[in-house]
Amino acid sequence: MRLGLGVLTVCLLLPPLHAGSIFFFSTGTTDGLMATASRPDAGGLFEIESADDFALTSSTLISSATFDGLLTGVTPTIGDVVVEIYRIFPLDSTDPPSGNVPTRTNSPSDVAFDSRDAAGGTLDFTTTTLSASFTAGNSVTAGGIHPIPNQTTLGNGPATGEEVEFNVSFTTPFYLPAGHYFFVPQVQVTGGDFLWLSAPRPITGGTPFPPGMTDLQTWTRDAGLDPDWLRVGTDIAGSGAFNAAFSLTGTAVREPATWTLFAAALTLAGTWRRTRRPNQP
């Protein structure tokens, strides 16, 4: 079909769908102050989730991530790795909440917005040992998460293990519209545990949050607290607020609305072709 000049102009001006600036976000290197358990429901163990936030100013394809943590135990063996993305309460949630935690303001939502896992083939991962032995000053481990009024346990004390960086490639990238999100990595470990290490808050060696968006603290929950969440610093440790050590890489993409307009232009072009008068001899 021959297109009108105006539609051809639109076609030439539109870049490819995936063309755009590179997105990179990082909370910086770990500060060793806190380590929080985060594991999938697997191997007969109940699920634990730890979450830290990031912000997007445009629609983005997230293609890879890193996160730093401890592998505890004498001979820990890594099984599945899961990455979940949550929006902020009350999105994807029951509102009002249950009242089993001090607050849900700025917490992750009840259920995940999207997820990827190694077992399902939607992510690949490698690990890099950063230190053969590393100690975090405090921790929140299995059994250390409780609803009110017993939420402030002051933590489970120091935790020592092998410091490992997980390098994750999403074979199916996350497509995320502009907004504020939580990143939740989980690692299945046989013969030990995975504890996600904290990073400085406010961010000092990483990527600042965009204007108008606040850097929120790390939250956590287990299967017994689900769908609610607790703040690792304010609610459980009883002082301070923590980030977690992670980074994200991706590509900003054209907003879907642009392509809707393009499709409408094509439709108009077809209508014009069918209704115009034929050329006079």
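The notes below deal with the structure included here.

Criteria and thresholds
- Residues numbered from 1 in each chain as written.
- Predicted model: local features only at pLDDT ≥ 70, side-chain atom pairs only at ≥ 80, totals over all residues.
- Heavy atoms only, no water.
- Helix = DSSP H or I, 4+ residues; strand = E, 2+ residues; numbered from the N terminus.
- Buried < 20%, exposed > 50% of the residue type's maximum accessible area, 1.4 Å probe, protein only.
- Pairing = 2+ DSSP bridges.
- Salt bridge = Lys/Arg side-chain N within 4 Å of Asp/Glu carboxyl O.
- Polar contact = N/O pair within 3.5 Å; in protein donor to acceptor, adjacent residues only side chain to side chain.
- Contact = heavy atoms within 4.5 Å.

### Points about the overall build of the protein chain
Summing up its helical and strand segments, the protein chain has three helices and 15 strands in all. The proportion of buried residues among the 281 residues of the protein chain is 45%.

### A word on the environment of Ala-223
The residue Ala-223 is located in the loop between β12 (219–222) and β13 (230–231) in this model. On a C-alpha basis, the gap between Ala-223 and Glu-47 in space is 5.4 Å, while along the polypeptide they are 176 residues apart.

### Describing the sheet that holds β13
Strands sit in the order β6-β5-β10-β3-β12-β13 across an open sheet of six strands; the sheet is antiparallel. Edge positions in the sheet fall to β6 (114–117) and β13, since each of these pairs with one other strand and no more. Across four bridges, strand β5 (residues 77–86) lies against β6 in antiparallel orientation. Bridged to Ile-85 within β6 is Asp-114.

### Regarding the pattern of salt bridges
Charged atoms that come close allow side chains of opposite charge to pair. Per the counting criterion, the structure on display carries eight salt bridges. A salt bridge links Arg-116 to Asp-114, with the shortest nitrogen-to-oxygen separation between them at 2.9 Å. Since its relative accessible area comes to 25%, Asp-114 is described here as partly exposed. Each of Glu-49, Arg-221 and Asp-226 takes part in salt bridges that share partners, so that together they form one network.

### A few points about the side chain of Arg-221
Mapped onto the secondary structure, Arg-221 falls in strand β12. Here Arg-221 falls in the buried class, since its relative accessible area comes to 3%. In this structure the side chain of Arg-221 is engaged in a polar contact, spanning 3.0 Å, whose partner is the side chain of Tyr-86. A distance of 3.0 Å separates a polar side-chain atom of Arg-221 from the backbone oxygen of Asp-110. Excluding its chain neighbours within four sequence positions, the residues that come into contact with Arg-221 are Glu-47, Ile-48, Glu-49, Tyr-86, Ser-109, Asp-110, Ile-145, Asp-226, Pro-227, Asp-228 and Trp-229.

### With respect to the pairing of β12
Put simply, side chains in a regular strand alternate between the two faces of the sheet. Of the two faces of β12, the one holding Trp-219 and Arg-221 and the one holding Thr-220 and Asp-222 are both buried throughout. As paired elements, strand β3 (residues 48–56) and β12 share four bridges and run antiparallel to each other. Its bridge partner being in β12, Ser-50 is matched across the sheet by Thr-220. Inspection of the sheet shows β12 paired to β13 by two bridges, in the antiparallel sense. Residue pairing in the sheet places Trp-219 in a bridge with Arg-231 of β13.

### Focus on the pairing of β3
Across the nine residues that make up β3, a large majority, nine, are buried. Taking every second residue as pointing to the same face, both faces of β3 are buried, with Ile-48, Ser-50, Asp-52, Phe-54 and Leu-56 on one and Glu-49, Ala-51, Asp-53 and Ala-55 on the other. Relative to strand β10 (residues 179–190), β3 runs antiparallel, the two being bridged by five bridges. Looking across to β10, one finds that Ala-55 is bridged to His-180.

### Considerations on unusual backbone geometry
A cis amide bond links Ile-148 to the next residue, Pro-149, at an omega of 10°. One can find Pro-149 in the loop between β8 (138–140) and β9 (159–176). In the segment running from Arg-201 into Pro-202, the intervening peptide bond is cis, with an omega of 5°. With respect to the helices and strands, the residue Pro-202 is situated in the loop between β11 (194–199) and β12. You will see that Asp-92, though not glycine, has its phi angle at about 55°, which is positive.

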